[in-house]
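# Chains, contacts and geometry: an overview
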Amino acid sequence: MWQEHGLVFPSEVGTPIEPRNLNRHFAALREVAGCPDVRLHDLRHTVVSLLMELGVPPHVVQAIARHADVKITLKVYSHANLDAMRQALGKLDGRLS
């Protein structure tokens, strides 16, 4: 009998799915789709990293990632990419010349 819990990845009866089962199902779907060998958690990391690079406010990224505190989001995902660093330093060019 179905039990509604509002979950994104429920079991066949609506209850929380055991993580190993979720990973196994994801791997099978990924193989059928011909996608590269990535873990479901890798996709989560990619989405959060891209949101940060796109300039989404950290508190919004925190809510999406369901981190308990925005400090976690900033500590793990605020690594600046090379393009962002070049842009930031480029802004100084006009001020220093």
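Since this is a predicted model, take the numbers as computed values, not measurements.

Membership of the largest hydrophobic core is limited to 6 residues, which are Val48, Leu51, Met52, Val61, Ala65 and Tyr77. Top contributing element to this core by residue count: helix H2 (residues 40–53), with 3 residues. Other than its neighbours up to four places away in sequence, Tyr77 contacts His45, Val48, Ser49, Met52 and His67.

For the structure on display, the rule yields 4 salt bridges. The salt bridge involving Glu31 is made with Arg30; its shortest N-O contact spans 3.9 Å. Between Asp42 and Arg39 there is a salt bridge, with the nearest N and O atoms lying 2.7 Å from each other. Accessibility expressed as a relative area gives 26% for Asp42, which makes it partly exposed. Given a relative accessible area of 52%, Arg39 falls into the exposed group. One network of salt bridges, in which partners are shared, links Arg30, Glu31 and Asp37.

On to the environment of Thr73. Turning to its location among the elements, Thr73 is positioned in helix H4 (residues 70–77). On the basis of relative accessible area, Thr73 is assigned to the buried category, the value being 0%. Placed 10 residues apart in sequence, Thr73 and Ala63 show a C-alpha to C-alpha distance of 9.5 Å. Filtering out sequence-adjacent residues up to four positions away, Thr73 remains in contact with Met52, Pro58, Val61, Gln62, His67 and Ser78.

Conventions we followed
- Residues numbered from 1 in each chain as written.
- Predicted model: local features only at pLDDT ≥ 70, side-chain atom pairs only at ≥ 80, totals over all residues.
- Heavy atoms only, no water.
- Core = buried A, V, L, I, M, F, W, Y, C linked by side-chain atoms within 4.5 Å.
- Buried < 20%, exposed > 50% of the residue type's maximum accessible area, 1.4 Å probe, protein only.
- Helix = DSSP H or I, 4+ residues; strand = E, 2+ residues; numbered from the N terminus.
- Contact = heavy atoms within 4.5 Å.
- Salt bridge = Lys/Arg side-chain N within 4 Å of Asp/Glu carboxyl O.

The values reported here are purely geometric and, on their own, carry no functional implication.
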